[in-house]
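Analysis of the macromolecular model
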Amino acid sequence: MRRIQINPRPDWQKKVEETGLVFHTAGGVPYWDESAYYEFSMAEVLEIEKATNELSRMCIEAARAVIEGNRLAELKIPETVWEPIWDAWENEPPSIYGRFDLACDGNGSIKLLEFNADTPTSLLEAAVAQWFWLQETRPRKDQFNSIHERLVKKWEELKPRLDGGTLHFGYVDDPEDVMTATYLRDTAQQAGIKTDSILMGEIGWDGGKRRFVDMNNKPIDAIFKLYPWEWLVHERFAPELIESYRSTQWIEPIWKMVLSNKGILPVLWELYPDHPNLLEAHFGDPHGMKEYARKPLLSREGANVSLRGAEGVTETAGEYGQEGFIYQKLAQLPVFDGMRPVVGSWLVDWEAAGMGIRESTGPITDNLSRFVPHLIG
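Here the structure is a predicted model, which means the values were calculated and not measured.

Notes on the sheet that holds strand S13 (residues 281-283)
Read from one edge of the open sheet, five strands run S13-S17-S14-S15-S16, paired in antiparallel fashion. Where the open sheet ends on each side, the last strands, each with one partner, are S13 and strand S16 (312-315). Put simply, the sheet's adjacent strands are angled 15 degrees from each other on average, direction ignored. Sheet topology places strand S15 (residues 306-309) next to S16; four bridges connect them, and they run antiparallel.

Right, here's the structure in full:
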C-alpha cells in the first residue's frame, strides 16, 4: 500500500462532472483529489476482499443475535418499530448495498471501524469517477471495482419482485444525495426497471387507501430511499409508515437499522472476540481500554466522536449522542505524506464489490475528508 503523488489532469473538474460528480469541490477545496493515488498489491486487495466477505457474514449473524435475541432496546431502537423490524427480518425484503469503513495499515492488518449499512454515500466516486480516471490516465492498470456491474446485476435479480411496477427513488435536495440517488436509479434502469424520482418531502399519504403516494397520487409500491431509517421513524408520518410497512417495499429494509447502529460493534465483539478484523468494543464504558474511540450509537460523517490516545484527545462537534455511546479500541491509521486513509469497502448483495479511499490530515474521517482514487500495482 503506497500513496503516490501525481499531477491532476488539467481539466479534471470537467472530467469528473461528466461522470456526474458535480460536488467535487467544497468551500473552494477539492473533495475529489487526484493529486495522488493509492497503489495496492493484488495480495492486499485479495485480503481486503476476504475480510469484507468475512465481516459481511459476521454482521448478518450479529443482526440475528440482536433481532432474534430481543436486544433492540440495547441499541436504543424505538419500540414502535420492533414489529416492522422483526417482520422485515423474517421476510427478507431486498437489500442492495453497504460500505465497511476499514483501517488498513499496509502491513496486513485490516480492522472494521464501522458499517454504513443504510445510506452509504461516496458511491458515485468509487463506482464511476475513479474508474474513468483510471481508464484515462493509467489504462494498463486495474482497480478493485466491479460495483457498477454488480449493482445492475442485483437490480436484474430484483426486477421480477417488482411485478412490472415503478421503483421510486427518494432523496433530499442536496447535491451529493441527488447525484447518488440518480446514479443508483440509472443502474436500476439499465436493469430494465421502470423508475421515478421523488424528494422525501414530496411523499404524500392517501388517507382513504392508507398508502403512501407520489406527486401524481400514484401509490408507492417500492422505493429506494437515500434517507436514514433513524430519521424516518421520528418523522411526522412515522405512525403511517409503521401502519403500512407491508404495503410499501422500502429499500434498504428497516431491519438494517440494526447494522447502521454503532451498537452492532460491541455485539460483533461479543460474538467474535479477538477476531483479527475487529476492534474491541463495548457498550457504556471503555472496560479498561486506555486508548479508545467514543462513538454515538447514531451519528454521521464523524460527528460527536472522541478519540483518546497517545496524541491526546481529539473531539468533533455535532448533534448526536442523545441515545448513548459505544467505546471502541483506537485504530492506528497509517500516515502517508501527512494523510490518514480509510478504506471504504463496498458490498453489493452482501459480497465485496470494490473500494474507495477517503483521507484526512486528522485522525477522524469527516465530511471534509477527500476522496482519492486507487489502482492495483
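Considerations on the packing of helix H5 (residues 147-158) against helix H6 (residues 175-190)
Where H5 meets H6, the closest approach of the two axes is 8 Å, and the angle between their N-to-C directions is 60 degrees. Considered as vectors, H5 and H6 are oriented oblique to each other. Crossing geometry of H5 relative to H6 is assigned as right-handed. Of the residues in H6, those touching H5 at His148, Leu151, Val152 and Trp155 are Tyr183, Leu184, Thr187, Ala188 and Gln190. Each residue belonging to the contact of H5 with H6 can be placed in one class, and the counts come to six nonpolar, three polar and no charged.

Brief notes about empty space enclosed by the protein
Enumeration over the complete set of coordinates arrives at two cavities of 30 Å³ or more. Taken as a whole, the largest cavity encloses approximately 40 Å³ of empty space. Lining of the largest cavity is provided by Ser95, Ile96, Tyr97, Gly98, Phe115, Lys256, Leu347, Asp349 and Trp350. Within the lining of the largest cavity, the residues separate by chemical class into five nonpolar, two polar and two charged. The volume enclosed by the second largest cavity comes to roughly 30 Å³. When residues of the lining of the second largest cavity are traced back to their parent elements, those giving at least two are strand S6 (110-116) and helix H9 (264-271). Considered class by class, the residues forming the lining of the second largest cavity number four nonpolar, two polar and two charged.

Regarding the pairing of S15
Where a strand is regular, its side chains alternate between the two sheet faces. In terms of strand pairing, strand S14 (residues 292-296) meets S15 through three bridges, oriented antiparallel. Across the sheet, residue Tyr292 finds its bridge partner in S15, namely Arg308. What sits between S15 and S16 in their antiparallel hairpin is a turn of two residues.

Here's the deal with the packing of aromatic side chains
With the rule as written, the count across this model stands at 18 aromatic pairs. Both rings, one in Trp89 and one in Trp255, keep their centres 4.9 Å apart while their planes meet at 80 degrees; by these two values the pair is edge-to-face. In this pair, Trp89 is assigned in helix H3 (residues 82-91) and Trp255 in the loop between strand S12 (249-251) and H9, connecting sequence segments 166 residues apart. As far as burial versus exposure is concerned, Trp89 and Trp255 are alike and both buried. Taking 4.3 Å as the distance between ring centres and 35 degrees as the angle between the ring planes, the aromatic pair formed by Phe100 and Phe115 counts as tilted.

Here's the deal with the environment of His282
Within the fold, His282 resides in strand S13. On a C-alpha basis, the gap between His282 and Pro10 in space is 48 Å, while along the polypeptide they are 272 residues apart. Sequence-distant contacts of His282, that is, excluding residues within four places in its chain, are made with Pro266, Trp269, His287, Met289, Ile326 and Tyr327. Side-chain polar atoms of His282 contact the side chain of Glu280, separated by 2.7 Å.

Definitions and limits used
Residues numbered from 1 in each chain as written. Predicted model: local features only at pLDDT ≥ 70, side-chain atom pairs only at ≥ 80, totals over all residues. Heavy atoms only, no water. Pairing = 2+ DSSP bridges. Helix = DSSP H or I, 4+ residues; strand = E, 2+ residues; numbered from the N terminus. Axes fitted to C-alpha atoms, helices over the stretch in contact; angles between N-to-C directions. Parallel < 35°, antiparallel > 145°, perpendicular 65-115°, else oblique. Left-handed = near helix turned anticlockwise from the far one by under 90°. Contact = heavy atoms within 4.5 Å. Nonpolar A, V, L, I, M, F, W, Y, C, P; charged D, E, K, R; others polar. 1 Å grid on protein atoms, 1.4 Å probe; cavity = no way out; pocket = protein on both sides within 12 Å on 5 of 7 lines; lining within 4 Å. Points joined across faces, edges and corners; volume = space filled by probe spheres on them. Phe/Tyr/Trp six-rings, centres within 6.5 Å; stacked < 30°, edge-to-face > 60°. Buried < 20%, exposed > 50% of the residue type's maximum accessible area, 1.4 Å probe, protein only. Polar contact = N/O pair within 3.5 Å; in protein donor to acceptor, adjacent residues only side chain to side chain.

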